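Residues per chain are reported as follows:
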Amino acid sequence: MPKETPGATPATQSATASRSTPAPHHWSRALLRRWPTALAVALMIALFGSGSGDRNDTITGYGELLPLLPLLYVVVSQTGRPGVTWPVLGAGVVAVLALQAQGVLSPPHLLVGVALAVLLWGTVRGTPHGRATLGIQAAGVLAFGALALAGLAVDPELGRHLVAAGWFLHGVWDLAHLLLARLGGVVARTFAEWCAVVDVLVAVELVFLR
């Protein structure tokens with residue numbers, strides 16, 4: 001039986017009791033807010049072991065996808081609309097898969113080229129987030145693009161570590177953008193959270209790839 005506070009009215013005691021009682025199902029609401037993390041983990045579980053089984057194919061596939069990540073940030077940044085992040089991701093994945101299927105154009109070279117073209121357009125026409133943000137995104141394109149191209153060009157053993165480093169560092173990049181999203185970020189917060197988890201898990205898979 002709850003203790004009564006001397007001099008307290010029934011209404012005061014009731015309000016105090018309601019504040020001290022934890023809200024039901026508060027943990028379920030917290031889990032629902034973390035749906036991007038759950039989606040990322042589910043995706044990686046579904047993809048694990050679903051490839052051809054060839055080690056080099058896995059390294060090449062992740063290496064060709066890596067430049068898509070900074071390109072997405074550049075494109076969404078130039079639109080000034082974080083809400084288009086997920087549609088741009090879908091279009092980018094379809095484009096990379098189509099490039100991989102036709103086997104004529106190199107996906108990483110083309111993605112880096114498109115990203116540089118968008119950055120040049122932003123330099124000439126202006127950017128919604130300012131020159132500083134454009135410069136940061138340009139640095140991301142150069143860094144992650146270089147890691148992807150180098151990882152695909154060198155010996156597979158060294159290459160997988162370069163590609164893994166690129167994915168891991170992009171996970172850090174996502175986390176930084178996730179924190180900045182509270183102040184009006186470049187991409188959608190849900191995407192930044194999802195991508196950070198995917199990036200780190202891909203890096204772990206590449207490190208332990210046998």
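Residues numbered from 1 in each chain as written. Predicted model: local features only at pLDDT ≥ 70, side-chain atom pairs only at ≥ 80, totals over all residues. Heavy atoms only, no water.

**Observations concerning the overall build of the protein chain**
Logical step 1: Looking only at helices and strands, one finds ten helices and zero strands in the protein chain.
Logical step 2: When its helices and strands are written in sequence order, the protein chain yields α-α-α-α-α-α-α-α-α-α.
Logical step 3: Counted over contacts in the protein chain with a minimum sequence separation of 6, partners at least 24 positions apart contribute 78%. (Helix = DSSP H or I, 4+ residues; strand = E, 2+ residues; numbered from the N terminus. Contact = heavy atoms within 4.5 Å.)

**Some remarks on a nonpolar patch on the surface**
Logical step 1: A surface patch of nonpolar side chains, amounting to about 600 Å² of accessible area, comprises Phe168, Leu169, Val172, Val200, Val204, Val207 and Phe208.
Logical step 2: Every element with two or more residues in the nonpolar patch is listed here: α9 (156-180) and α10 (189-207).
Logical step 3: Among the structural elements, Phe208 can be located in the segment after α10. (Patch = residues over 30% accessible without salt bridge, like charges linked within 9 Å, V, L, I, M, F, W, Y side chains within 5 Å. Areas by Shrake-Rupley, 256 points an atom, 1.4 Å probe, with all protein chains shown as cover. Salt bridge = Lys/Arg side-chain N within 4 Å of Asp/Glu carboxyl O.)

**A few points about the packing of aromatic side chains**
Logical step 1: Evaluation of the coordinates by the stated rule reveals eight aromatic pairs.
Logical step 2: Ring centres of Tyr62 and Trp167 lie 5.7 Å apart, and the angle between their planes is 75°; this geometry places the pair in the edge-to-face category. Placement of the pair is Tyr62 in helix α4 (residues 55-65) and Trp167 in helix α9, with a sequence separation of 105 residues. As far as the burial class goes, Tyr62 and Trp167 line up, both buried.
Logical step 3: Chaining the aromatic ring pairs together yields one cluster made of Trp35, Tyr73, Trp86, Phe144, Trp173, Phe191 and Trp194. (Phe/Tyr/Trp six-rings, centres within 6.5 Å; stacked < 30°, edge-to-face > 60°. Buried < 20%, exposed > 50% of the residue type's maximum accessible area, 1.4 Å probe, protein only.)

**Focus: the nonpolar core**
Logical step 1: Grouped together as the largest cluster of nonpolar side chains are 31 residues, with contacts concentrated most on Trp167, Val187, Phe191 and Leu206.
Logical step 2: Counting only elements with at least two residues in this core, the list comes to α3 (35-47), α4, α5 (68-79), α8 (131-153), α9 and α10.
Logical step 3: At eight residues, the largest contribution of residues to this core is made by α10. (Core = buried A, V, L, I, M, F, W, Y, C linked by side-chain atoms within 4.5 Å.)

**Some words on α8**
Logical step 1: End to end, α8 covers 32 Å across 23 residues, agreeing with the expected 33 Å (1.5 Å per residue, within 8%).
Logical step 2: The set of residues buried in α8 consists of Thr133, Leu134, Gln137, Gly140, Val141, Phe144, Gly145, Leu147, Ala148 and Gly151.
Logical step 3: Looking at the buried positions of α8, the neighbouring elements they touch are α4, α5, α7 (107-125) and α9. (Expected span 1.5 Å × (residues − 1).)

**Here we look at the packing of helix α6 (residues 85-102) against α10**
Logical step 1: Viewed as axis vectors pointing N to C, α6 and α10 meet at an angle of 45°, and their least axial separation amounts to 9 Å. Relative to α10, the element α6 lies oblique. Listed contacts from α10 to Thr85, Trp86 and Leu89 of α6 are Thr190, Phe191 and Trp194.
Logical step 2: For the contact of α6 with α10, the residue count by class is four nonpolar, two polar and no charged. (Axes fitted to C-alpha atoms, helices over the stretch in contact; angles between N-to-C directions. Parallel < 35°, antiparallel > 145°, perpendicular 65-115°, else oblique. Nonpolar A, V, L, I, M, F, W, Y, C, P; charged D, E, K, R; others polar.)

**Notes on the confidence of the model for the protein chain**
Predicted coordinates in regions of low pLDDT should not be interpreted in detail.
Logical step 1: Averaged over every residue, the pLDDT of the protein chain is 86; the share at 70 or more is 82%.
Logical step 2: α10 holds the highest mean pLDDT among the elements of the protein chain, 96, whereas helix α1 (residues 10-20) holds the lowest, 49.
Logical step 3: The low-confidence segment residues 11-15 (pLDDT under 50) makes three contacts with residues lying over four places distant or belonging to another chain. (pLDDT = per-residue confidence, 0-100.)

**Quick look at the environment of Phe168**
Logical step 1: Within the element layout of this structure, Phe168 appears in helix α9.
Logical step 2: Looking at Phe168, the relative accessible area reads 44%, which means it is partly exposed.
Logical step 3: A sequence separation of 34 residues divides Phe168 from Val202, and the C-alpha atoms of the two residues are 7.8 Å apart.
Logical step 4: The contacts of Phe168, once residues within four sequence positions are left out, are Asp199, Val200 and Ala203.

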